[in-house]
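Close look at the chain arrangement
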Amino acid sequence: MYRSLHTLKGNCGFLPFPNLESLAHAGENLLSCLRDRPHAITPDIISTLLQTVDTIRQILSQIETTKHEGDRDYSALIRALTQLSETEQTSKVSQSHEPAVNTQTPQIEAEAQRDPAGCESVEFLNDELTEISMTTSESAYIRVNVNLLDQMMNLVGELVLARNQVIRFSTKFKDNSFAATCQRLNLLTAELQSGVMKTRLQPISSIWQKFPRVTRDLAIASGKQVEVEMEGADTELDKSIIETIKDPLTHLVRNCIDHGIELPAERVACGKPILGRLFFRAFHESGKVNIEIGDDGRGLNLERLKGRSQQLGLVSAVQAATMSESEAMNLIFLSGFSTAEQVTNLSGRGLGMDIVKSNIEKINGTVEIHSQQGQGTTFKIKIPLTLAIIPALIVTSGGDRYAISQASLQELVRLEAQALNRIEMLYDVPVYRLRGNLVPLVYLNQVLHQDSLRNLETLSLVIVEIDNYRFGLVVDTIEDIQDIVVKPLGKQLKALSLFAEATILGDGTVALIIDVVGLANRTGITAKQKQLLNENGANSQEQTADRQTILLFEGPQGARISARRDSCFCCRKSG
């Protein structure tokens, strides 16, 4: 840290930036006094140094924009740094004349180095200063413009499309040499695609490194003490996804500190350590990135959530009474919901958690809540590694082809003519009983106002899952799963809620990618979810109570006849 400020000050000597030079020099002097006395670091010193870093950022931003450092007065901050430096110098001299007796135990010294806000302030201060340092060093890495990486990714996407077209073309010929060449092309394209995608990957630490500072500021503002734990900071994901999840993760951090972690006095009364714990975990699993953010605070009070949601008019008393635990926890994602009694600069507006959920869903991700009252809350987020090239199922409806992200797929079902009679209407929604559970159906051709080419003797269902419930999408035909290159929709089509993006298939035609969440909202399935879930629970209990074993056989003229097991002599005899 000292070297970073020293280099910054030295570079200012060649340029007309006296304010920046004076500020960096004052910070350098303070760090020089602390280099031999790290135990002397106090919260006031850390706060002043962090303020110095923020000011240096502002000056550098001003220089980058206007080529001048501006005429703002930084004398007060420089005097504060100088005063702290003189105090440390005086303490250092006085200690040099005293006997070198260690009056503190190692444990007490360790506690003295800890910031009251619970963050290891020295470590993230080092990250802050290193980021703005102008030092250069030899390494095995080179700087590449992000636009160049984006261009390479687009070219690889076009190559993938060309690969798909060639492979589709090769199926029409029985030429072994041509087939071997296509197979080689397929292998090389896949390896090139994987390599280029890796160049776009960034460790999640690029956004996590901001959270210790955010945590410290929020903890001080709310009068709490919080320590941060991070695990899996080297987990990598696509740059575009990192930019998308930055704000949602920040809001989750604010929510954990403001609503989750208790005040010190409350924690002591509950038998907890004064320091609250905020943890971050990231890891790869099943081709996705799993991110967990949680605390060891008070947890979610489900009864309070239900009462508050009724008070705000978001749910009825009947709905609140029949809610499951997971449904009650998900109330915090409703727009306008907040447990804060008054609006503060941290919370109370009810405009945070619903935005977190919608932003995560935009990148085909999911967010779940796990909470236990008195022990804490954990938010579990699952997101894809990249959005540039994804596996998708190709389906047809009304003569057009559409793509559905494989991340939303649960299973594929084909209903024969005999099974079509089991489609019922429940709460104005067509449903099919799949293995005892009612699955609402959405006819894609009706939503798109198409003339269906569907065969009336069979029915093809694509079972998809969102928000922990499933529905069946009825399509004309189901094709194969293939890797597709995601292309953004034009600004004229951005308002469409049914489609997320588009892609180009192997034959050169354009296929729209269905937005499963938007489709559910458009058809009203989401609004009917609660009633259908209740019906599922009731049916499950009735089926368990009324279940009987019957003998089914074929009678005269092919008629199907059934008999109760206890009335059948063969069944009674065999037991």
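None of these values were measured; they are calculated from a predicted model.

Moving on: the overall build of the protein chain. Within the protein chain, the regular secondary structure consists of 21 helices and 20 strands. With 575 residues in all, the protein chain has 39% of them scored as buried. For the protein chain, the exposed area adds up to about 32100 Å²; of that, 51% sits on carbon and sulfur atoms.

All right, on to unusual backbone geometry then. Residue lysine 67 is not a glycine yet carries a positive backbone phi of 70°. Considering the arrangement of structural elements, one finds lysine 67 in the loop between α3 (43–66) and α4 (75–96). Under the relative-accessibility criterion, lysine 67 is labelled exposed at 60%.

So, about the sheet that holds strand β4 (residues 276–285). Spatially, the five strands line up as an open sheet ordered β2-β4-β5-β7-β6, and their pairing is mixed. What marks the edges here is a single partner per strand, and that holds for β2 (226–231) and β6 (366–372). Pairs of neighbouring strands in the sheet enclose a mean axial angle of 15°, with direction left out of account. Sheet contacts for helix α10 (residues 211–222): β2 and β4; angle to β2, the most-contacted strand, approximately 160°.

Ranked by internal contacts, the top residues of the largest apolar core, which has 44 residues, are Trp208, Ile245, Leu249, Ile291 and Ile383. For this core, the element with the highest residue contribution is helix α11 (residues 239–260), accounting for eight residues. Residues in contact with isoleucine 383, not counting those within four places in the same chain, are Leu237, Ile241, Ile245, Lys288, Val289, Ile291, Ile360, Ile363 and Gly365. Ranked by size, the runner-up nonpolar core spans 29 residues in total, among them Leu409, Val462, Ile514 and Leu519.

All right, on to the packing of aromatic side chains then. Considering all chains together, one arrives at four aromatic pairs under this definition. Through a chain of ring-to-ring contacts, the aromatic side chains of Trp208, Phe211 and Phe280 assemble into a single cluster. Geometry around tyrosine 2 places arginine 35 over its ring, the cationic atom sitting 4.3 Å from the centre.

In the sheet, strand β17 (residues 499–504) pairs with strand β18 (residues 510–514) via five bridges, with the strands oriented antiparallel. Counterpart to threonine 503 in the pairing with β18 is alanine 511. Remark: five residues form the turn of the hairpin made by β17 and β18, two consecutive strands paired antiparallel; glycine 508 in that turn has positive phi of roughly 90°.

As for its position among the elements, valine 146 is in helix α7 (residues 146–170). Residue class for valine 146 comes out partly exposed when judged on its relative accessible area of 32%. A C-alpha to C-alpha distance of 9.5 Å links valine 146 and lysine 239, two positions 93 residues apart in sequence.

Strand pairing in a sheet relies on backbone hydrogen bonds, with the paired strands running either antiparallel or parallel. One open sheet accounts for five strands, arranged β16-β8-β9-β18-β17; its pairing is mixed. Two strands bound the open sheet, and with one partner strand each, they are β16 (477–485) and β17. If you compare each strand with its neighbour and ignore which way they point, the axes differ by 35° on average. One ladder, built from six bridges, connects strand β8 (residues 389–397) with strand β9 (residues 400–405); its direction is antiparallel. Each residue of the ladder has a partner; that of alanine 392, found in β9, is serine 405.

Moving on, we come to α11. Along its 22 residues, α11 runs 30 Å from first to last C-alpha, staying within 8% of the 32 Å computed at 1.5 Å per residue. By the burial criterion, the buried members of α11 are Ile241, Ile242, Ile245, Pro248, Leu249, Leu252, Val253, Asn255, Cys256, Ile257 and Gly260.

A few words now on the pattern of salt bridges. Inspection of every chain in the model, using the stated rule, returns 18 salt bridges. Residues glutamate 28 and lysine 9 are paired through a salt bridge, measuring 3.0 Å at the closest nitrogen-oxygen approach. In this pair, glutamate 28 sits in helix α2 (residues 18–34) while lysine 9 sits in helix α1 (residues 2–12), placing the two residues 19 residues apart along the sequence. With relative accessibility at 4%, the residue glutamate 28 sits in the buried group. We classify lysine 9 as buried; its relative accessible area is 17%. Glutamate 266 serves as the salt-bridge partner of arginine 298, at 3.0 Å between the closest nitrogen and oxygen. Of this pair, arginine 298 sits in the loop between β5 (288–295) and α13 (302–311) while glutamate 266 sits in helix α12 (residues 264–269), placing them 32 residues apart in sequence.

Before going further, it helps to spend a moment on the pairing of β8. Most of β8 sits inside the fold, with eight of its nine residues counted as buried. Pairing of β8 with β16 involves seven bridges; the strand directions are antiparallel. Pairing of isoleucine 389 across the sheet is with valine 485, part of β16. In textbook terms, the turn of a hairpin is the stretch between consecutive antiparallel strands, and for β8 and β9 this stretch comprises two residues, one of which, glycine 398, has a positive phi near 60°.

Okay, the side chain of glutamate 28 next. Among the polar contacts listed, one links the side chain of glutamate 28 to the side chain of lysine 9, at a separation of 3.0 Å. Once residues lying within four places of it in the same chain are set aside, the contact partners of glutamate 28 are Tyr2, Leu5, His6 and Lys9.

Here α1 crosses α2 at 150°, and the two axes come no closer than 8 Å. Here α2 runs roughly antiparallel to α1, going by the angle between their axes. Here α1 and α2 pass one another in a crossing that is left-handed. Between α1, through Tyr2, Leu5, His6, Leu8, Lys9 and Cys12, and α2, the contact on the second element is made entirely by Leu20, Glu21, Ala24, His25, Gly27, Glu28, Leu31 and Ser32. Here the contact of α1 with α2 is built from residues that sort into seven nonpolar, four polar and three charged.

Our next topic: the side chain of lysine 272. Considering the arrangement of structural elements, one finds lysine 272 in the loop between α12 and β4. A polar atom in the side chain of lysine 272 sits 2.8 Å from the side chain of glutamate 262. There is a polar contact of 2.9 Å between the side chain of lysine 272 and the backbone oxygen of glycine 297. Residues in contact with lysine 272, not counting those within four places in the same chain, are Glu262, Arg267, Asp296, Gly297, Arg298, Gly374 and Gln375.

To continue, consider the confidence of the model for the protein chain. For the protein chain, mean pLDDT is 79; residues scoring 70 or higher make up 81% of the total. Below a pLDDT of 50 lies the segment residues 101–114, which in the model reaches seven contacts outside its immediate sequence neighbourhood of four places, other chains included. Low confidence marks residues 540–545, where pLDDT is under 50. Its contacts with residues over four positions away, or in another chain, come to two contacts.

Basis of the calculations
- Residues numbered from 1 in each chain as written.
- Predicted model: local features only at pLDDT ≥ 70, side-chain atom pairs only at ≥ 80, totals over all residues.
- Heavy atoms only, no water.
- Helix = DSSP H or I, 4+ residues; strand = E, 2+ residues; numbered from the N terminus.
- Buried < 20%, exposed > 50% of the residue type's maximum accessible area, 1.4 Å probe, protein only.
- Areas by Shrake-Rupley, 256 points an atom, 1.4 Å probe, with all protein chains shown as cover.
- Pairing = 2+ DSSP bridges.
- Axes fitted to C-alpha atoms, helices over the stretch in contact; angles between N-to-C directions.
- Contact = heavy atoms within 4.5 Å.
- Core = buried A, V, L, I, M, F, W, Y, C linked by side-chain atoms within 4.5 Å.
- Phe/Tyr/Trp six-rings, centres within 6.5 Å; stacked < 30°, edge-to-face > 60°.
- Lys NZ or Arg CZ within 6 Å of the ring centre and 35° of its normal.
- Expected span 1.5 Å × (residues − 1).
- Salt bridge = Lys/Arg side-chain N within 4 Å of Asp/Glu carboxyl O.
- Polar contact = N/O pair within 3.5 Å; in protein donor to acceptor, adjacent residues only side chain to side chain.
- Parallel < 35°, antiparallel > 145°, perpendicular 65-115°, else oblique.
- Left-handed = near helix turned anticlockwise from the far one by under 90°.
- Nonpolar A, V, L, I, M, F, W, Y, C, P; charged D, E, K, R; others polar.
- pLDDT = per-residue confidence, 0-100.

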